[in-house]
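# Examining the three-dimensional arrangement
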Amino acid sequence: MLGEQRSIGRRALLRQIRKVGPVPRIDLADQTGISRATVTTVTAELLEHGLIEEIHTLQPGQKRGRPKVDLKIRGDAFLVAGAKLANQSISIVITDFEGQVKNEFFFPLEKTKYDLDELVEQIATAIRSAAKDADIAASDISALGLGLAGMVNVHDGIVLWSPSLSARNVPLGDALSAKLNIPCFIDNDANLVAKAEQLFGMGKDVDDFIVVTIENGVGMGLVLDGALYRGTRGCGAEFGHTKVQLDGALCRCGQRGCLEAYVA
């Protein structure tokens, strides 16, 4: 139980430092409700593991005395890749741990639908190509986040259905992790747009908001009380597959009358 609480505290503090940093330790305690003693202990661990760093700055007009010590995410800690699987392309961005973009890469696809092994190979090739274009080794990338259209069970890394896959209930997360030998996380692409808005965009200081995307499909990301709402098995915000016409136009999900069949 204690280990679980410490893990929750680490995630909460790392998330807050990423959101508002550079930030002093005392402010972290006030902002998160975590005790000052725990903040001191946990941030010492994060510093030891190289995930955050201290920034020493003098206050305006200060000429002597101890400088102010703030904490910020250490950008050099990791390189990570984000990928968006679209209808006939994969868009990739490589960033440092702080979110600073190191490279952007576009990888065309010949088909719109693949079986699992084919798709994993295409994504792996795209990641290797993006790394080469950035003049780094693919092994320098520490983790991958992938967004794709469809219904995704995030916790198990399973794609329940996607227009990019020829089968249902596909263990894409595990297959990618095995192929690339790094942690790979998958989610619905509209959910990730909402998360990006929450971290870096118009949703940064908003607890409740909706993002609607219209491309080859219609997606929706829903943030409630500061957290992504996915619903049961990741299907809680499938706006595009809301039925608007009984026995209507055929949707690519196989059902008839979905909003996506008329709007996308």
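Everything here concerns the structure above.
Figured I'd write up the structure that's included with this text. This is a predicted model, so every value here is computed, not measured.

### With respect to the sheet that holds strand 4 (residues 89-96)
Sheet architecture is open: 5 strands sit in the order 5-4-3-6-9, paired in mixed fashion. Lying at the two open borders of the sheet, with one neighbouring strand each, are strand 5 (101-108) and strand 9 (184-188). Adjacent strand axes in the sheet meet at a mean angle of 15° when their direction is disregarded. As judged from the 7 bridges shared by strand 3 (residues 79-85) and strand 6 (residues 141-148), these two strands associate in the parallel manner.

### What to know about the sheet that holds strand 10 (residues 209-214)
Strand order in the open sheet made by the 3 strands is 10-11-12, with antiparallel pairing throughout. At either margin of the open sheet sits one strand with a lone partner, and together these are strand 10 and strand 12 (227-228). Where strand 11 (residues 218-224) and strand 12 come together, 2 bridges link them in antiparallel fashion. In the sheet register, Val223 faces strand 12, and the bridge partner there is Leu228.

### Thoughts on the layout of surface pockets
If you add up the space inside the second largest pocket, you get close to 260 Å³. As for the second largest pocket, its lining consists of 22 residues, and the residues nearest its centre are Ala149, Asp189, Asn216, Gly217 and Arg252. For the lining of the second largest pocket, the secondary-structure elements that each account for two or more residues are strand 3 and strand 11. Looking at the lining of the second largest pocket residue by residue, the classes come out as 6 nonpolar, 10 polar and 6 charged.

### A few points about the packing of helix 2 (residues 25-32) against helix 3 (residues 36-48)
Packing of helix 2 against helix 3 leaves a shortest axis separation of 9 Å and a crossing angle of 120°. As the angle between them shows, helix 2 and helix 3 are arranged oblique. The handedness of the crossing between helix 2 and helix 3 comes out as right-handed. From helix 2, Arg25, Ile26, Leu28, Ala29 and Asp30 reach across to helix 3, where they touch Arg36, Val39, Thr43 and Leu47.

### Quick word on the pairing of strand 3
Bridge count for strand 3 against strand 4 is 7 bridges, and the pairing is antiparallel. Within strand 4, the residue paired with Ala83 across the bridge is Ile92. Joining the antiparallel neighbours strand 3 and strand 4 is a turn of 3 residues.

### Structural notes on the packing of helix 4 (residues 116-133) against helix 5 (residues 172-180)
Between helix 4 and helix 5, the least distance of the axes is 10 Å, while the angle of their chain directions is 50°. Looking at the two axes, helix 4 sits oblique to helix 5. Where helix 4 crosses over helix 5, the two elements pack in a sense that is right-handed. For the pair helix 4 and helix 5, the contacting residues are Leu116, Leu119, Val120, Glu121, Ile123 and Ala124 in the first and Leu172, Ala175, Leu176, Lys179 and Leu180 in the second. Partitioned by chemical class, the residues of the contact of helix 4 with helix 5 number 9 nonpolar, no polar and 2 charged.

### Quick notes on the nonpolar core
Ile90, Ile92, Ile123, Leu144, Leu146, Leu172 and Leu176 are the most contacted members of the largest nonpolar core, which has 32 residues in total. In terms of residues, this core owes the most to one element, helix 4, which gives 8 residues.

### What to know about a nonpolar patch on the surface
On the surface, Ile210, Val212, Ile214, Phe239, Val244, Tyr262 and Val263 cluster together to form a nonpolar patch covering roughly 620 Å² of accessible area. Of all the secondary structure elements, the ones that give two or more residues to the nonpolar patch are strand 10 and helix 7 (260-263). Element by element, the count of residues in the nonpolar patch is highest for strand 10, at 3 residues. Among the secondary structure elements, Val263 is positioned in helix 7.

Cut-off values and rules
Residues numbered from 1 in each chain as written. Predicted model: local features only at pLDDT ≥ 70, side-chain atom pairs only at ≥ 80, totals over all residues. Heavy atoms only, no water. Pairing = 2+ DSSP bridges. Helix = DSSP H or I, 4+ residues; strand = E, 2+ residues; numbered from the N terminus. Axes fitted to C-alpha atoms, helices over the stretch in contact; angles between N-to-C directions. 1 Å grid on protein atoms, 1.4 Å probe; cavity = no way out; pocket = protein on both sides within 12 Å on 5 of 7 lines; lining within 4 Å. Points joined across faces, edges and corners; volume = space filled by probe spheres on them. Nonpolar A, V, L, I, M, F, W, Y, C, P; charged D, E, K, R; others polar. Parallel < 35°, antiparallel > 145°, perpendicular 65-115°, else oblique. Left-handed = near helix turned anticlockwise from the far one by under 90°. Contact = heavy atoms within 4.5 Å. Core = buried A, V, L, I, M, F, W, Y, C linked by side-chain atoms within 4.5 Å. Buried < 20%, exposed > 50% of the residue type's maximum accessible area, 1.4 Å probe, protein only. Patch = residues over 30% accessible without salt bridge, like charges linked within 9 Å, V, L, I, M, F, W, Y side chains within 5 Å. Areas by Shrake-Rupley, 256 points an atom, 1.4 Å probe, with all protein chains shown as cover. Salt bridge = Lys/Arg side-chain N within 4 Å of Asp/Glu carboxyl O.

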